[in-house]
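# Reading the structure
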Amino acid sequence: MGLRSGPTPGYGLLILLMARPWSAGGAHRAGRVWRGKFTVRRRGTFAVLLALLVVLAGMPQAAVADAPTPTTAPLVRFLTYNICGNSLESGCTSPRTVEPRRAEVVSQALEWKADLVFLQEVCRQQYNAINTSLMAEGYSSGNFVTTFSPTESPGLCSMDDPTDTKPSTVVTGDYGIAVFAKGPVTSRKMLNPSVGPYGDVTTATAKEDWFAACVEATVQSVRTRACSVHLWPNHGAPHDPLLTLTQAYNLSIDPWLNDGAAVVLGGDFNPVNRNTYGSRERPRSADLDPFYLGGTGAIPGGQPMIETDETDVDRFDYECRDQAGHPVVTRCRSGQYTHPTNGKLDYIFLDESHFKNVAAAVDAPAPSRQGISDHLPYRGAATFKHCNTRADVYADLLRVDTGGDLWRHFGRSDGKIAADECKTGFGWKNTELIARAGDVDTDGDGDLYAIDTSGTLRFYPGDLDSELFTRAPREVAQGLGAVDRLAVSPDMDGDGHPDLVVRTGDGMLTRFSTRTDGSLGPAVALSSGFGAYDTVLTPGDLTGDGLPDILTRTPGGDLYRFAGKADGTLDGPVKVGSGWNVFTQILAPGNVDGDAAGRGDLLGIKPHSTTDPKKDVFLRRGTGDPSAPFPDPPAVLSDSDRSGWGFPAADRLF
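What follows is about the packing of helix H3 (residues 99-112) against helix H4 (residues 124-135). Packed helices, taken two at a time, are described by the angle their axes make and the gap between the axes. Packing of H3 against H4 leaves a shortest axis separation of 9 Å and a crossing angle of 35°. For the crossing formed where H3 meets H4, the hand is right-handed. Of H4, the residues touching H3 (which contributes Arg101, Arg102, Val105, Val106 and Ala109) are Gln126, Ala129, Ile130, Ser133 and Leu134. Partitioning the contact of H3 with H4 into residue classes produces six nonpolar, two polar and two charged.

Spelled out as structure tokens, the structure:
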């Protein structure tokens, strides 16, 4: 259920993401700022902020098409493509060369942000060029498995040398199948589906070896076993009609694919009788039963799997609809064709115990590269089953990595941050300040605000069903380059909406009421003098009066509470802690440990050691005591105090 903070009224917000240096002269000076009442003395600064802030009307949410796009699809991504590397198929009009196929595969993988890439009918020279390009983009070295050697089929992969400036230099190579992973690869393997408990069809399927190229890789923190698959094209040939089915059975029950790891199979499965009743989008061939029906009792062995295009209701046929044409199931054995004449040949199967929320799209090569294959690039997407839509009471930790991807780390009852992170968004690289916002748009899921390096404020609505931040952000305001702290508090003024709180570099604190479309109400000045603090947090109600409060830290490590008042203003500072400068950053994400009282907690961040800059996270549980709402940290923190550890030093936590 979004950015969970449990029953505590505090949403938990990151204020300090890119802290600016503070001088010793910025220490707290209560006498100069407060003088008994919480008043604003520097009205010039407030006027400047109002002049800078251009509040824009809430922009309508762009409609999301039925076909998933790179900006709307679930964030575990797969690409499979039979690239016709030897150019022998009738639909492959492109010459037998390296560059067009390298360019198209790399373009498809990067645009789709694919975690796994599966290629079939690829020559070694093409694989080498693709591998080099993908490794430069963060992929591990792939796995190429030969299915035809040059001696078995001379000239099959003879082509101009892509590394030579003289086009007349012809080199030959082996022909095969490949897989790539964007994540650490721990092992590479070849599987032979032609041999197994359901039979040995090696002789019948010669002379090509119909091997699967596999890797074990860490995909978004999950141990995953993935194989690029090319089954026997048992159509139009006088062969045993059970050849492809036998391969499918053997592959589906292979022990290596059934040891508990997440499983992804992508490739050209070549099913027989795939165009049921002449339709290119009704792949009901029995050859695929081991995958569609595995683990159901109807098919012995294997495990239940889901194909990434079987939930697209636009492709559902009459067997999945009632007489009025309405879908009567949520999954149908259907899908868009991937070969213009031969129907749906290409598939991406995922094991159901690890994946959910599948989606798929069939793309087309760039116009300049049309004809490189008689297949179309097939893109699949899903969500890991442990990710998102988790209706618990534990607040989560969010992280932005150096590439701009957004990750969620789940809170747990023991106060530890779960290690199995989930990717929840991308495109955050140019954001300078980010704030968790609670449920601004009242759709039941948490939202975010962010200011980018140009000073533009945007509202990022969370998605209730997926908990992803992939919906189009809404530009809210411009000219906020002077803001160096950003937060969102629970309702401060009683209007029923959260309030955005900003601080400018000269210490002015200002509040804006939010609206359900993410836009803002008029600015309300709270106080000057907040330049005395290096951290400003909005942890919710600390005093027990039902009104949200503000919590700050001085560079010297003292904590001060500013109690909220019913009119949306603040009382003066009250010291409630010390020694907090042991942390380089403090977060208030909400109820991390999910305690029954619903108290918000704090997370302190510090480098692991003087020689290891990776970030450790320490939990300081809420006490419910207004005078000491959080226990002061010890001067020396022990490992037992850690809630999480090993976060990359350059990543931003909130």
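Alright, that's what it looks like, and here's the rest.
Of all hydrophobic cores here, the largest spans 33 residues; its most connected members are Phe78, Leu116, Val264, Leu350, Phe355 and Phe384. In this view, Val264 contacts Phe78, Leu116, Phe118, Thr224, Arg225, Ala226, Cys227, Ile348, Phe349, Leu350 and Phe355; residues no more than four positions away in its chain are not counted.

Our next topic: the state of the cysteines. Considering all chains together, one arrives at four disulfides under this definition. Here Cys123 is linked by a disulfide to Cys157, with a sulfur-sulfur distance of 2.0 Å. The S-S bond linking Cys123 to Cys157 shows a torsion near -80°; that makes this disulfide left-handed. Separated by 34 residues along the polypeptide, Cys123 in strand S3 (residues 116-123) and Cys157 in the loop between strand S4 (143-148) and strand S5 (159-160) bring together distant segments of the chain. The same class applies to Cys123 as to Cys157, namely buried. Each sulfur of the disulfide joining Cys320 and Cys332 lies 2.0 Å from the other. Its S-S torsion of about 85° marks the bond between Cys320 and Cys332 as right-handed, since a negative value means left-handed.

The subject of this paragraph is the environment of Ile434. Here Ile434 shows up in strand S21 (residues 431-436). Separated by 53 residues in sequence, Ile434 and Ala487 place their C-alpha atoms 7.8 Å apart.

Turning to helix H6 (residues 243-252), a few remarks are in order. The element H6 is extensively covered by neighbouring structure, given that ten of its ten residues are classed as buried. Within H6, burial applies to Leu243, Thr244, Leu245, Thr246, Gln247, Ala248, Tyr249, Asn250, Leu251 and Ser252.

Residues shown with low pLDDT carry predicted positions that ought not to be read at fine detail. Averaged over the protein chain, the pLDDT score is 84; the fraction of residues at 70 or greater is 84%. This stretch, residues 1-65, has a pLDDT under 50; its non-local contacts, to residues over four places away or in other chains, come to 199 contacts.

On to the side chain of Glu307. As for its position among the elements, Glu307 is in strand S14 (residues 305-307). According to the relative accessible area criterion, Glu307 is buried, its value standing at 0%. A distance of 3.0 Å separates the side chain of Glu307 from the backbone nitrogen of Ile348, its partner in a polar contact.

Tallied over the entire structure, the rule returns 29 salt bridges. Note that Asp289 and Arg333 form a salt bridge whose closest N and O atoms lie 2.7 Å from each other. You can see Asp289 sitting in helix H7 (residues 289-292) and its partner Arg333 sitting in the loop between S14 and strand S15 (346-351), a full 44 residues away along the chain. In this pair, the class of Asp289 matches that of Arg333, namely buried. The salt bridge involving Asp558 is made with Lys575; its shortest N-O contact spans 3.5 Å. Here Lys575 lies in strand S32 (residues 570-577) and Asp558 lies in the loop between strand S30 (549-553) and strand S31 (559-564), a separation of 17 residues in the sequence. Connected via shared salt-bridge partners are Glu216, Arg223, Arg225 and Asp259.

Counted under the stated rule, the structure contains 21 aromatic pairs. With 6.0 Å between their ring centres and 80° between their planes, Phe78 and Phe355 make a pair best called edge-to-face. Residue Phe78 is located in strand S2 (residues 76-82), and its partner Phe355 is located in strand S16 (residues 355-362); the two are separated by 277 residues in the primary sequence. Looking at Phe78, the relative accessible area reads 0%, which means it is buried. The exposure class of Phe355 is buried, given its relative accessible area of 3%. Taking the centre distance of 4.9 Å and the plane angle of 25° together, the rings of Phe291 and Phe349 count as stacked. Remark: Phe349 occurs in strand S15 and Phe291 occurs in helix H7; sequence separation between them is 58 residues. You can call Phe291 buried: its relative accessible area is 0%. Phe349 gets classed as buried once you look at its relative accessible area, which sits at 0%. The ring of Trp112 carries the charged tip of Arg77 above its face, separated from the ring centre by 4.7 Å.

This part covers the pairing of S16. Here S16 lies mainly inside the structure; seven of its eight residues are buried. Where S16 lies against strand S17 (residues 378-384), six bridges are found, and the strand directions are antiparallel. Bridge assignment links Phe355 to a residue of S17, and that residue is Phe384.

The next thing to look at is the sheet that holds strand S11 (residues 212-219). Strand order in the open sheet formed by six strands is S8-S11-S12-S13-S15-S14, with mixed pairing between adjacent strands. Unpaired on one side and paired on the other, strand S8 (185-191) and S14 mark the two borders of the sheet. Ignoring strand direction, the axes of neighbouring strands in this sheet form an average angle of 20°. Bridging between S14 and S15 involves three bridges; their strand directions are antiparallel. Bridge pairing in S15 places Ile306 opposite Leu350.

Cut-off values and rules
- Residues numbered from 1 in each chain as written.
- Predicted model: local features only at pLDDT ≥ 70, side-chain atom pairs only at ≥ 80, totals over all residues.
- Heavy atoms only, no water.
- Axes fitted to C-alpha atoms, helices over the stretch in contact; angles between N-to-C directions.
- Helix = DSSP H or I, 4+ residues; strand = E, 2+ residues; numbered from the N terminus.
- Left-handed = near helix turned anticlockwise from the far one by under 90°.
- Contact = heavy atoms within 4.5 Å.
- Nonpolar A, V, L, I, M, F, W, Y, C, P; charged D, E, K, R; others polar.
- Core = buried A, V, L, I, M, F, W, Y, C linked by side-chain atoms within 4.5 Å.
- Buried < 20%, exposed > 50% of the residue type's maximum accessible area, 1.4 Å probe, protein only.
- Disulfide = S-S within 2.5 Å.
- pLDDT = per-residue confidence, 0-100.
- Polar contact = N/O pair within 3.5 Å; in protein donor to acceptor, adjacent residues only side chain to side chain.
- Salt bridge = Lys/Arg side-chain N within 4 Å of Asp/Glu carboxyl O.
- Phe/Tyr/Trp six-rings, centres within 6.5 Å; stacked < 30°, edge-to-face > 60°.
- Lys NZ or Arg CZ within 6 Å of the ring centre and 35° of its normal.
- Pairing = 2+ DSSP bridges.

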